[in-house]
Amino acid sequence: GVAYVSNDGSFEAVGATISDNTASSNGAVVYMSGESASGTIAHSFVTRNQASGTGTDAGVGYLADSASFMVANSTFRDNEAVNEGGCFFVDSSFLFLADSKFYDNYASKGAVFSAEAGSASVSGCDLDGNSAVEGGAF
C-alpha cells in the first residue's frame, strides 16, 4: 500500500488522485492502527486500488484499534478487496463519509465498507453500481 500509519500518526490526501495501488495484505492505500491515528481524504479521486491477497480487506483503507478516518467531497470508483470492504474495512475504529461518490466498488462483503466492532456515519453520499456477495454497499 501507499502508507502505514500507527499510534499518533496521520494521513491526509487533499485534491489528490490516488489510483492503481495494490496490497497483498490489508489496505491498498492506507493501513491505519492506533487510538490517536487519524486520516482524511478530501476533494480527491480514488480509483482502481486493490487488496488482492487471500482473505485481505480494504481496497483503500484498513482502520484498526480506535483509528478515525474522514472522507469528504471525493469520488471512489473501481476499488476492490478480495474479502471485506471494497473501499474501507473498519475494525474497532470510526469512519465518517460525507458528500462523496462511490461507484462500481467490489468486495465479498461490503463493497463500500465493512465494519467489525467499528462504526461509520454516512451523510450526503451517492452510491451506484457497488456490488458484494454479502451486504451490497455496506
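The present account deals with the structure reproduced in this document.

Rules used throughout
Residues numbered from 1 in each chain as written. Predicted model: local features only at pLDDT ≥ 70, side-chain atom pairs only at ≥ 80, totals over all residues. Heavy atoms only, no water. Disulfide = S-S within 2.5 Å. Buried < 20%, exposed > 50% of the residue type's maximum accessible area, 1.4 Å probe, protein only. Pairing = 2+ DSSP bridges. Helix = DSSP H or I, 4+ residues; strand = E, 2+ residues; numbered from the N terminus.

**What about the state of the cysteines?**
Under the criterion given, the structure shown has zero disulfides. Here C87 is not disulfide-linked; the sulfur of C125 is the nearest cysteine sulfur, at 11 Å. C87 sits in the buried class, given a relative accessible area of 0%. What makes C125 buried here is its relative accessible area of 19%.

**Here's the deal with the sheet that holds strand β12 (residues 80-84)**
Pairing is parallel across the open sheet formed by five strands, whose spatial order is β4-β8-β12-β16-β20. Looking at strand neighbours, the two that pair on one side only are β4 (22-23) and β20 (131-134), the edges of this open sheet. Both β4 and strand β8 (residues 50-51) contribute to a ladder of two bridges, which runs parallel. Along β8, the bridge assignment pairs A23 with A51.

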